[in-house]
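# A look at the structure
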Amino acid sequence: MKAFRTLGLVLLAAVMTLTAMAQSAGELRFCLRSEPRTFDPLLVSDEASDTVRYLTGGVLVRINRQTQTLEPELASSWKVSKDSRSISFALRDRIFYSDGSPFTADDVAATVKRMMAPETHSPMADAFGAGGEKTDIKVLSPTRVTITFAAPIAGLDRLFDEVAIVSSRSPRKEMAALGPYYVADHKAGSYVYLRRNPNYWKKDSSGQAMPYIEAIRLDIQANRDIELLRMQRGEIHLINSLDAEYFDRLKSINPSLVYDAGPSLDSEQMWFNQVPNAPVAAYKLKWFRSSNFRHAVSMAINRADLARIVFGSHAQPAIGPVSPANKFWFNRKLRPTQYDTGVALRQLQQDGFRLNGGVLRDREGHAVEFSVITNAGNKYRERMATMIQQDLGKIGIRLNIVTLDFPSLIERIAEKFNYEAALLGTVNAGLDPNEQMNMWLSSGENHQWNPRQKSPETTWEAEIDRAMKAQSQLSNPMKRKVYFDRVQEIVVREAPFIYLVNRNALSAISTSIRGAAPVAMRPQAYWNIERMSLTDGKKVH
Amino acid sequence: MKLLRKLAWIILLTVAALSAMASVLSTSGYATQFREETSAAPSRQHWLGTDELGRDRFARLLYGTRISLGLAPVAALLATALAAAIGGGAGYLGGRWQRGMTVMIDLFLCLPWLFLLVIARAMLPLNVSPMVSVLVTFGLLGALGWAGPARVVAASVAALRDSECVLQARAVGTTEWRILLRHIFPRLLPILSAQFLILVPVFVLSEANLGMLGLGVAEPLPSWGSLLREMESLYGLTSAPWRLVPLGLLMLVVNSLQLVMGDEETSA
C-alpha cells in the first residue's frame, strides 16, 4: 500500500513538473467554443476556423485592430486603381511558408483564382462581387501582381485582411502557413495544437524573430462555465470574448484578469415586420410601416437601463447602425435617442393613437398589442425583451414575448415573414459599410424589415439605396463617408431598426501574458499575438 | 411510512394554500421591476431577494408555484382522458384495432417528446398573452403525454372485456355503451387515477425542462421552469444560495406527490 502511495506521489510530481516545463517553454492556452469546420482559409465561415486562420494565415495587408488602419504585411506596398476595380501588390522578397516552400506572386494569383472560382463556394468571394470567372490576375514578376475584378469594389484593399495566401507549390497545401503559427496537431473534439512558424518573416525592432510564444494549444470547450473555471484555476491564459455576467464573476475573484475594451462593433436591435404581404393584420402593418410609431417605440425604451441591468453596465446605449467603436465610419453628428415616454406618446398622437385607461388604441379603436420574437436560450435578449415589455407598458402598449428555437426563428423572419417584431443582434467583424450592403439595399436578402424589394417601397429606402450605391463606386474614403453618414442619419430618423445597445468587448487575460492590449475589434484579446509573450512561472496567473 | 404520507399531504396542502394566497402574501407583483434593486439579497421588503431584473423572487415563487402546481394536474387530466379514450377504445374493440393502436402508441412513445414540444410550440400563433401561452404549454404537455398511460389502459380494458361480469352482462343483453359505462369504467377508475398521479410530477418537471430551454411559460409570468433557469450557472448559486429555494420547493413537492401517489396506488 505504501509502495503504491509513493509511486502515486512520484507520478503526480512528474506530471506537475512536465506541466510547469511546458508552460515555461511558452505554451499559450485558450479555448475554442466549437470544432473548427475547416482548416482551409478560403472556406472559413465559423468562429473557431476563423481563430485558426487568424493565427496561421499570412495576409497581404492587415487591419491594425487598435488603430483600425491598414498596414502592410506580405505586401510591402499596394495601389488601388482609380476605378476601384484593380489592385496591384508589391510583395516582400525571400518569404517562406512554414514547410520551407517559397512565397511568390504565383501563390497570390492561385489563391485569388481559387477564392473567386464559383465551385470553391468561398464565403469571402461575395465581398469581392460577382463574376468570379471575369477576375483577371496578372503576375508581373515573382514579387508583383495585379488583380482586376469584374466591377468596382469600394474598400478593395481592406478586403484582403481576411485573404490568407495559400501555397500553390507546397504538398501540404493550406496546412503550409505564412502566419506566425502553423497547425502541428489536431485531435477532433479535443484540441488544435499550433507551433511557432520557424520561417515567419517578422522581426521586432531589436531584430528578434517573432512570435515570441512557442506554441498555442486551443482546447475545444463549448461549456462557458468550464472555460471560466479553467481560467480561474490557471489552466488557460485567456478568454477572448466574455459575457457580462462571467466578466463580473471573474472580476470579483481577480480584478487583474479582466479587460473591458469599451463598446464593440456588435449591436442588439429590434425591428418591425414591414413586408406588405406578410401574414400580419393589416391594421398592425399600418402601425409598423409608420415611422412615427417606430420612433415612438424607440423613445419609450430605456436603453440606459438595458445597458446597466442586462449587461451590468458592460454595454452602451446604441446611437445608430454603426457602433462608436468603428472609429472612421461612425457618424459623430448623431445623438442618442432620448428616453421620454411623454414625447413618445405625443408622437403616437400624431398618428391618431390615444391612451385610454392604460391601453393605447389606434384611430380605429384597436388596442396596440404585438409580439416580439427572439431566440430561446439567449438570456440577455430574453431579459432585454422583458424590460422593453415593461417600458412599452408605460405607454399602454402590450408586448408579448415569444422565444423560439433558432431555425424556427430564421424561417419566420427570412422566409415566411410570419412575425410582428424581432429582437436579435448583428455581429460586425469588419468596419467597412460595403460589408453591410446586403442589409441596407432594399433588394438585399438581409434588409430584414422588408427584404428583396423589386424597387424601393419608400422614398427613404430609395435614398438609402442611392447613397449606398454611390459610396460603393468611390475610392476616396472621405467622399464615401459623406454618403454613409447620410445613410446613418436616415436609419436613425426612420428607425427601421431600433438599435438598443452596443455590447462592450470583454476579455480575460492572464497576468502571465505580456504585451496584451485588448481592443473592440475581433479577435479582441489576441489580435497582436506575435507581440505577446509569456512570463516564466508554473501557474498561469 | 404512514407518517411520511401524512407529512407529504401537509406539505402539498401548505404549498397549495400559500400559492393560492400569493396576492395577499407577496409584497409586490411578480412582474414589477425594481430596477434600482437588481439581484438583491433577501431583505425585509424582498424575502428571497430580487432577480436580475429586480423582480421580487418570493412573489415569483408563489405565483410560479400556483401556475406549475395548478396547471400540471389539468394537463395530467387531459392526458389521462385521452389515454382512457384511445387506450380504452383499443382495448375494448380488440383484434386489429388493438394491434393498430399498440403500433401507434409505440410510435408515439418513440418520438423525442422534447423536440416534438419545441416544434409544436414554434407552430403556434405568436401573438398570445402570457396566460394563453401557459395554457398552451400545459395543453401541449397534456396532448402529447397520453401514450404511456394509454398502453396500460388498453391492456386493462382488454382483460376486463373478457371478464365474467362483462360476459354475464352481455348474455343478458346489456348494450355495449352500458357495459362500458357501468361495468368497465368503474373498474378502470383506480388505474386511471394512478396514471393521473404519475403524470402530475412528470408534467411539473417537463414544464421545468421547457422553461430551462426558454420555451416554457412566456415572460413576465413566472413558473418553476423559469425560476430554475436562475440556477444555470454554479457561480450564481454560490454567491446567492437563496436561489436554491425554488429547487428545494420543487423537490419537496415532487417527492410529496410521489409519496401520495404511492399511497393511492397501494389503496387502488
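Predicted model, so just to flag it, every value in this text is computed and none were measured.

## Focus: the interface of chain B and chain A
Each side of the interface is counted separately: chain B has 30 residues, and chain A has 38 residues. Across the chain B/chain A interface, buried area totals approximately 2600 Å², and carbon plus sulfur atoms make up 47% of it. The interface formed by chain B and chain A includes 4 salt bridges. Residue Glu52(B) is joined to Arg383(A) by a salt bridge in which the shortest nitrogen-to-oxygen separation is 3.5 Å. Scanning the region where chain B abuts chain A turns up 10 residue pairs in polar contact (both at pLDDT 80 or more). Of all the secondary-structure elements, those providing two or more residues to the side of chain B that touches chain A are α5 (113-123) and α11 (234-239) of chain B. Tallied by class, the residues present in the side of chain B that touches chain A amount to 15 nonpolar, 8 polar and 7 charged.

## Regarding the packing of helix α3 (residues 57-93) of chain B against helix α4 (residues 95-110) of chain B
When two helices pack together, their arrangement is captured by the angle between the axes and the distance separating the axes. All names here are of chain B. Closest axis-to-axis distance for the α3/α4 pair is 6 Å, and the angle between their directions is 145°. Between α3 and α4, the residues in contact are Ile86, Ala90, Gly91 and Leu93 and Gly95, Trp97, Gln98 and Met101, respectively. Grouping the amino acids of the contact of α3 with α4 by side-chain chemistry returns 5 nonpolar, 3 polar and no charged.

## Considerations on the pairing of strand β19 (residues 421-426) of chain A
Residue and element names in this part refer to chain A. For β19, the buried fraction is high: 5 of the 6 residues fall into the buried class. Across 2 bridges, the pairing between strand β17 (residues 369-375) and β19 is parallel. By the bridge assignment for β19, Val372 is matched with Ala421.

## Thoughts on unusual backbone geometry
Of note, the amide linkage connecting Arg522(A) to Pro523(A) takes the cis form, showing an omega dihedral of -10°. Relative to the elements of secondary structure, Pro523(A) occurs in the loop between β21 (513-514) and β22 (533-534). A cis amide bond links Glu219(B) with the next residue in sequence, Pro220(B), at an omega value of 5°. Of note, the phi angle at His121(A) is positive, near 55°, even though the residue is not glycine. With respect to the secondary-structure elements, His121(A) resides in the loop between α3 (105-116) and β6 (136-141). Since its relative accessible area comes to 65%, His121(A) is described here as exposed. The phi dihedral of Lys173(A) is positive, around 50°, even though this residue is not glycine. Residue position: Lys173(A) is located in the loop between α4 (156-159) and β8 (181-187).

## A few points about the packing of aromatic side chains
Residue and element names in this part refer to chain A. For the structure on display, the rule yields 30 aromatic pairs over all chains. Counting every residue linked through ring pairs, the aromatic cluster contains Phe272, Tyr283, Trp287, Phe288, Phe293, Phe353 and Phe370. In this structure, Arg217 packs its charged tip against the face of Tyr191, placed 4.3 Å from the ring centre.

## What about a nonpolar patch on the surface?
Residue and element names in this part refer to chain B. A surface patch of nonpolar side chains, about 270 Å² in accessible area, is lined by Leu4, Leu7 and Ile10. Within the secondary structure layout, Leu4 lies in helix α1 (residues 2-20). Residue Leu4 is classed as partly exposed on the basis of its relative accessible area of 42%.

## Quick look at helix α2 (residues 47-56) of chain A
Residues and elements named next belong to chain A. Burial runs high along α2: 8 of the 10 residues are buried. Taken together, the buried positions of α2 are Ala48, Ser49, Thr51, Val52, Arg53, Tyr54, Leu55 and Thr56. On its buried face, α2 is in contact with β1 (27-32), β2 (61-63), β8, β9 (191-196) and β10 (215-220).

## Details of the packing of α5(B) against helix α6 (residues 130-144) of chain B
Residues and elements named next belong to chain B. α6 packs onto α5 with a crossing angle of 135° between their chain directions and a minimal axis gap of 11 Å. Comparing their axes, α6 and α5 come out oblique. For the pair α5 and α6, the crossing hand works out as right-handed. Here Leu116, Leu117, Ala120 and Arg121 of α5 come into contact with α6, specifically with Ser133, Thr137, Leu140, Leu141 and Leu144. Among the residues forming the contact of α5 with α6, the class breakdown is 6 nonpolar, 2 polar and 1 charged.

Criteria and cut-off values
- Residues numbered from 1 in each chain as written.
- Chains lettered and ligands numbered in written order.
- Predicted model: local features only at pLDDT ≥ 70, side-chain atom pairs only at ≥ 80, totals over all residues.
- Heavy atoms only, no water.
- Contact = heavy atoms within 4.5 Å.
- Buried area = accessible area lost by both parts, 1.4 Å probe.
- Salt bridge = Lys/Arg side-chain N within 4 Å of Asp/Glu carboxyl O.
- Polar contact = N/O pair within 3.5 Å; in protein donor to acceptor, adjacent residues only side chain to side chain.
- Helix = DSSP H or I, 4+ residues; strand = E, 2+ residues; numbered from the N terminus.
- Nonpolar A, V, L, I, M, F, W, Y, C, P; charged D, E, K, R; others polar.
- Axes fitted to C-alpha atoms, helices over the stretch in contact; angles between N-to-C directions.
- Buried < 20%, exposed > 50% of the residue type's maximum accessible area, 1.4 Å probe, protein only.
- Pairing = 2+ DSSP bridges.
- Phe/Tyr/Trp six-rings, centres within 6.5 Å; stacked < 30°, edge-to-face > 60°.
- Lys NZ or Arg CZ within 6 Å of the ring centre and 35° of its normal.
- Patch = residues over 30% accessible without salt bridge, like charges linked within 9 Å, V, L, I, M, F, W, Y side chains within 5 Å.
- Areas by Shrake-Rupley, 256 points an atom, 1.4 Å probe, with all protein chains shown as cover.
- Parallel < 35°, antiparallel > 145°, perpendicular 65-115°, else oblique.
- Left-handed = near helix turned anticlockwise from the far one by under 90°.

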